[in-house]
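Residue-level structure breakdown
Okay, here's what each chain looks like letter by letter:
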Amino acid sequence: MNAILAIARRELDSYFTSPLGWIALCGFVFITGFFFTFFLLQFNQYAVSAAFDPYGSEALDINEALLPMLFGNWAVVLMLMCPAVSMRIFSDDVRQKSFELLLSSPVGSGAIVMGKFLGAMGFLAVTFASTLYQPAVLYWLGAPDPGVLSGSYLSMMLYAACCIAIGMLASAFTQSQIISFMVSFATILVLYLLPWVVEGASSEWVSALGQLGMGAHIEEMAKGLVHTEDLVYFATFIGACLFATQQRVESFRWR
Amino acid sequence: MIEVEALTRRYGDFTAIEGVSFSVGKGEVVGFLGPNGAGKSTTMRILCGCIGATSGHARVGGFDVLQRPHEVKRRVGYLPEVPPLYGNMVVEEYVAFAGRIKGAGKPREAAARAIERVGLSEVRGRVIDHLSKGFRQRVGLAQALVHDPDVLVLDEPTSGLDPAQRREIRELLLDLAAGERTVILSTHVLAEVEAVCERVVIINQGKVVSTARIADLAARRHNVRLRVQHPDDTLLQRLGAVEGVVGVKPFDEGLFEVEAVREVRAEVASQAVASGLLELSPLDSLEDSYLELTRGSGPDPRMMELPS
């Protein structure tokens, strides 16, 4: 357990001692901040025109008109950011030969994978925490539903965890960070779009395929409805990727 | 302390080592000698549990490397050929991290001790990437030492260093080897083996070709090689008659090799002067046996002593 935490801590620190980590962090905060400002102004415009609508259309709800727009964009930004965060996790370690330190230490491959995963998640937690000024501003201006807000954050965290887990798996297969990035980005993109791709398919089997994608499990949670089946989906997905990564790391001893 | 039995490791069709067996006693310092690609690193990596063996056994401190890898790794400090460093970490942090994952009690204090031990105190707050190669090698050593292991496995600890750095590391190794610690180090610098090791295991093309005590090799150090202008049969007899000479081998062009059990250079010289002595040199027994045992594979090890 101590070893897992030590590895996680080192991994987390490594993001803040390399330009990559800072660029990812600042990039995410900047882009989401840009969207936040943009949608907030747009929402304001619609809200004002709705208020003066003589035919009395319903007042715009911040929870329905603003938040889904915001977090929908997060998913796209994370699609790029997570592969960038995860691409070096194994690729760089193996290429720089520093991985030998982990291999020659009394730490199992499961602990190595877990430690690195937690480290990357810690980095994402810091990144997400840097965006908390956005809900603060919303509370200041209006009354967003805490359930919707926390559900949205939770869904994005779980979605990002899936992306990181995919990225780690890709990273364990190549010493090239670029290849690792491309493969994980492509995989995440396909999985994310899957529900829309199979939408309206005549065969039940094909539409069931949509459930494999992450998009299908984010929607409800982002409305503040946390279903057990969605949690099970995320846990299974992340667990499967981490298990595959662990198997791959174990095989390093036999290559 | 270390027992290796019929260890074999294949990478697909390629056999890196085959049937390697040797043992190392507690507190012994053993040199692993062999040309590049002979299987030194493969053997060492198996001993440290970094890779598995196709067949055979390796035990460290009574624990099987494959069955109880954690027990073995707790007792072994390993410095790979390329030190496993995280370049963007500070020396102190890095060594403490190594201590933490290797299960050293009180990692910070253990790290401070290891840093002190390898003489890194003055750079302990610096980023590893900014250090010279010699210092980086020391950081690698500190990492191997941090959990105070019974066994040190060092893969070419002096490769790529300049002569001054190499000497420093060698002195450090002598210091570390003093006491109960068992050390295995690989190198292709023969002088290093003689300076540091008690015993040598020579490995070539994946097989152990010889194990010998340095002291035994040194005992045969009185052999000399000489070249004369006018070789004749009487010279052979005269050299043979010198006390302590046990054999004389004539070669082409007036070259002779004299095998002796004591210092005979003065007498041999006085006998050879009459035949026109051109040169007389002691034969380095370790180098000779090494070259003989690893003949026909890889470049001349004497060439490899030059800093690359």
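Predicted model only: the values in this text are computed from it and were never measured. (Residues numbered from 1 in each chain as written. Chains lettered and ligands numbered in written order. Predicted model: local features only at pLDDT ≥ 70, side-chain atom pairs only at ≥ 80, totals over all residues.)

A look at the overall build of chain B
In terms of helices and strands, chain B carries 12 helices and 14 strands. Its C-alpha atoms give chain B principal-axis dimensions of roughly 75 × 45 × 35 Å. A total of 308 residues make up chain B; the buried ones form 43% of that total. Sequence separation of 24 or more characterises 68% of the internal contacts of chain B that already satisfy a separation of 6 or more. (Helix = DSSP H or I, 4+ residues; strand = E, 2+ residues; numbered from the N terminus. Buried ≥ 20, exposed ≤ 12 C-beta atoms within 10 Å, placed from the backbone. Contact = placed C-beta atoms within 7 Å.)

Things to note about the packing of helix α11 (residues 215-222) of chain A against helix α12 (residues 228-251) of chain A
Residue and element names in this part refer to chain A. As a packed pair, α11 and α12 sit with axes 10 Å apart at the nearest point and diverge in direction by 135 degrees. On the basis of their axis angle, the class for α11 and α12 is oblique. In terms of crossing hand, the pair formed by α11 and α12 is left-handed. Here His217, Glu220 and Met221 of α11 come into contact with α12, specifically with Asp230, Tyr233 and Phe234. Here the contact of α11 with α12 is composed, by residue class, of 3 nonpolar, 1 polar and 2 charged. (Axes fitted to C-alpha atoms, helices over the stretch in contact; angles between N-to-C directions. Parallel < 35°, antiparallel > 145°, perpendicular 65-115°, else oblique. Left-handed = near helix turned anticlockwise from the far one by under 90°. Nonpolar A, V, L, I, M, F, W, Y, C, P; charged D, E, K, R; others polar.)

Remarks on the environment of Ile17 of chain B
For Ile17 of chain B, the location among the structural elements is in strand β2 (residues 14-24). Look past the residues within four positions of Ile17 of chain B in its chain and what remains in contact with it is Leu7, Thr8, Arg9, Gly39, Thr42, Thr43 and Gly206 of chain B.

Remarks on the interface of chain B and chain A
With 22 residues of chain B at the contact, the number on the chain A side is 20 residues. In terms of residue count, the dominant contributor to the side of chain B that touches chain A is helix α3 (residues 91-101) of chain B (4 residues). When grouped by side-chain class, the residues that make up the side of chain B that touches chain A number 12 nonpolar, 6 polar and 4 charged.

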